[in-house]
Amino acid sequence: MLVLDSSAFFSMESLPDEEHACPPGVIRELENHGDPRLALWGDMVRVSDCTGESMERVRDAAGRSGDLGRLSPVDLSVLALALDLDATIWSDDYSIQNVARIMGIGFRPVGMKGIQKVVRWNYQCIGCGKWYKERMPDCPICGSGMRACRRK
Ligand SMILES: [Zn+2]
């Protein structure tokens, strides 16, 4: 089960093949923006309210971590709903992710951000100058050492 926040909806190209839920506030934000994805995917997403008890726990955790001021009421309801449903949050919001981490709620980022951070390397022989895609202890051609360069 995934709980989507508005940032997830706005950045998504397609729905992942899992069950989805979101609090009513996220649907209202999408309606306010006239987002076309709501018409496409609205029926596939379960809309449900969080419990007051979970909302209290989330407010408490966010207050202690200093995230409360950066979280909208809708953000808080996303966290609380994930707590109720024992779900994973799908969000790019840093404060949501931070509170989720503190409370032991699973989360995953939206889009490609995580992947873009992976640095890819090439290796060049310092002797003959030949390029390799994998690191080797020394150049198979001339036996010189290798240096790593960021792949462009
Ligand atoms: Zn070489």
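These figures come from a predicted structure and were not determined experimentally. (Residues numbered from 1 in each chain as written. Predicted model: local features only at pLDDT ≥ 70, side-chain atom pairs only at ≥ 80, totals over all residues. Heavy atoms only, no water.)

**Q** Describe the coordination of the zinc ion, and please don't skip the residues or the numbers.
**A** At 2.3 to 2.4 Å from the zinc ion lie its protein donor atoms, namely C125 (SG), C128 (SG), C139 (SG) and C142 (SG). For C128, a relative accessible area of 41% puts it in the partly exposed group. Note on C139: relative accessible area 3%, which makes it buried. (Donors = N, O, S within 2.8 Å, 3.2 Å for Na, K, Ca; no water. Buried < 20%, exposed > 50% of the residue type's maximum accessible area, 1.4 Å probe, protein only.)

**Q** Explain the pattern of salt bridges residue by residue, including any values.
**A** Evaluation of the coordinates by the stated rule reveals three salt bridges. Between R108 and E18 there is a salt bridge, with its nearest N and O atoms 3.3 Å apart. Within this pair, whereas R108 is found in strand β5 (residues 107-108), its partner E18 is found in the loop between α1 (6-11) and β2 (20-22), the two being separated by 90 residues in sequence. Between R70 and D67 there is a salt bridge, and its shortest N-O distance comes to 3.2 Å. (Salt bridge = Lys/Arg side-chain N within 4 Å of Asp/Glu carboxyl O. Helix = DSSP H or I, 4+ residues; strand = E, 2+ residues; numbered from the N terminus.)

**Q** Tell me what's going on with helix α2 (residues 24-33), and back it up with residues and numbers.
**A** Residues of α2 that are buried include every one of G25, V26, I27 and L30, and no others. In the core, the buried residues of α2 are packed alongside β1 (2-4), α1, β2, α3 (36-41), β3 (45-47) and α5 (73-85). One or two residues past the end of α2 sits G34, with phi positive at roughly 60°. (Contact = heavy atoms within 4.5 Å.)

**Q** Explain the sheet that holds β5 residue by residue, including any values.
**A** What the five strands build is an open sheet, ordered β3-β2-β1-β4-β5; its pairing is parallel. Of all the strands in the sheet, just β3 and β5 have a single pairing partner and so form its edges. Bridge count for β1 against β2 is two bridges, and the pairing is parallel. Within β2, the residue paired with V3 across the bridge is A21. Strand contacts of α2: β1, β2 and β3, with the helix running at about 85° to β2, the strand carrying the most contacts. The strands touched by α5 within the sheet are β1, β2, β3 and β4 (88-90), with β1 carrying the most contacts at an inclination of about 165°. (Pairing = 2+ DSSP bridges. Axes fitted to C-alpha atoms, helices over the stretch in contact; angles between N-to-C directions.)

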